[in-house]
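As a plain string of letters, each chain reads:
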Amino acid sequence: IHSAVIDARWSWENYPTLRSGMRGEPVVRLQRNLHLRLAEFGSLVPHVAVTGRFDQATVASVRYLQCVAYLPVDAVVGLRTWDFLLAGVRSHPILSVGSRGAMVWQIQDTLRRVGLSVKVNGLFTPSLAEQLRYYQHLNGLLETGLVGRKTWAVLVRDRVRMPRWWLVMRSA
C-alpha cells in the first residue's frame, strides 16, 4: 500500500484550499498525493503530471478522487479532500444504523450497483446493515453491519472499479 507524501514541516494550515487555475508548491503536493492515493485503490486513471498548475487534468483527477472517496464532488481541494489524500479511509466516519446523509446515500448506491437489494434514501436502516453484512461476507470482512475502515476501503475499491462514465453521471 502506498502512503501519501507528508512533509513534517507542513502543518494543516499549510494545506490551503486549492482551486482550478492556482499554481505553486501546494499544487505540486496535491498532484503527488493524488497519484499515490488513487494508485492505492488500483485506479487506472492516467497519472497526473506534476506541473504545479491546477489545470484541467488536475481538476478531472480531483473530481474523480472525490467521487470514488464518497466526498462532495466540487473539484475544490479543501479540508475533507486533503484529509482523504493524506489519511485515506481513516479520515471517514464510522457509520451505523441511524446514520444519515450523502455518504450513506452513496454507499447505498454503490451496494445497489454491485447487485445488492438496497433502497437508496440516505438513511442507514437495519435493512441496510443486513445487506452490508452480506457485502462484508462476500469481501472476506468481519460481518459487523458497520462501515468502518476496512469496509470503507472495499467500498472505495469497488467505486474505483466502476465505469468512469457511471461515476461522472453520479457526481454531476
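Residues numbered from 1 in each chain as written. Predicted model: local features only at pLDDT ≥ 70, side-chain atom pairs only at ≥ 80, totals over all residues. Heavy atoms only, no water.

**Student:** What am I meant to see in the packing of helix α2 (residues 56-68) against helix α6 (residues 149-161) here?
**Tutor:** The axes of two packed helices give the description: the angle between them and the distance between them. Two numbers describe how α2 lies on α6: the axes approach to 9 Å, and their chain directions differ by 130 degrees. Considering their axes alone, α2 and α6 lie oblique with respect to each other. Of the residues in α6, those in contact with Tyr-64, Cys-67 and Val-68 of α2 are Val-156, Arg-159 and Val-160. (Axes fitted to C-alpha atoms, helices over the stretch in contact; angles between N-to-C directions. Helix = DSSP H or I, 4+ residues; strand = E, 2+ residues; numbered from the N terminus. Parallel < 35°, antiparallel > 145°, perpendicular 65-115°, else oblique. Contact = heavy atoms within 4.5 Å.)

**Student:** Can you walk me through the packing of aromatic side chains in this structure?
**Tutor:** Under the defined criterion, the tally for this structure stands at 2 aromatic pairs. Relative to Trp-82, the ring of Tyr-15 lies with its centre 4.8 Å away and its plane at 70 degrees, an arrangement referred to as edge-to-face. On the criterion of sequence distance, the pair formed by Tyr-15 in the segment before α1 (25-40) and Trp-82 in helix α3 (residues 79-87) is long-range, its members being 67 residues apart. Judged by relative accessible area, which is 9%, Tyr-15 ranks as buried. Measuring from centroid to centroid gives 5.3 Å for Tyr-70 and Trp-152, while their planes differ by 65 degrees, and the two rings are edge-to-face. With Tyr-70 in the loop between α2 and α3 and Trp-152 in helix α6, the pair connects residues that are 82 residues apart, well separated along the chain. Residue classification places Tyr-70 among the buried residues on the basis of a relative accessible area of 1%. (Phe/Tyr/Trp six-rings, centres within 6.5 Å; stacked < 30°, edge-to-face > 60°. Buried < 20%, exposed > 50% of the residue type's maximum accessible area, 1.4 Å probe, protein only.)

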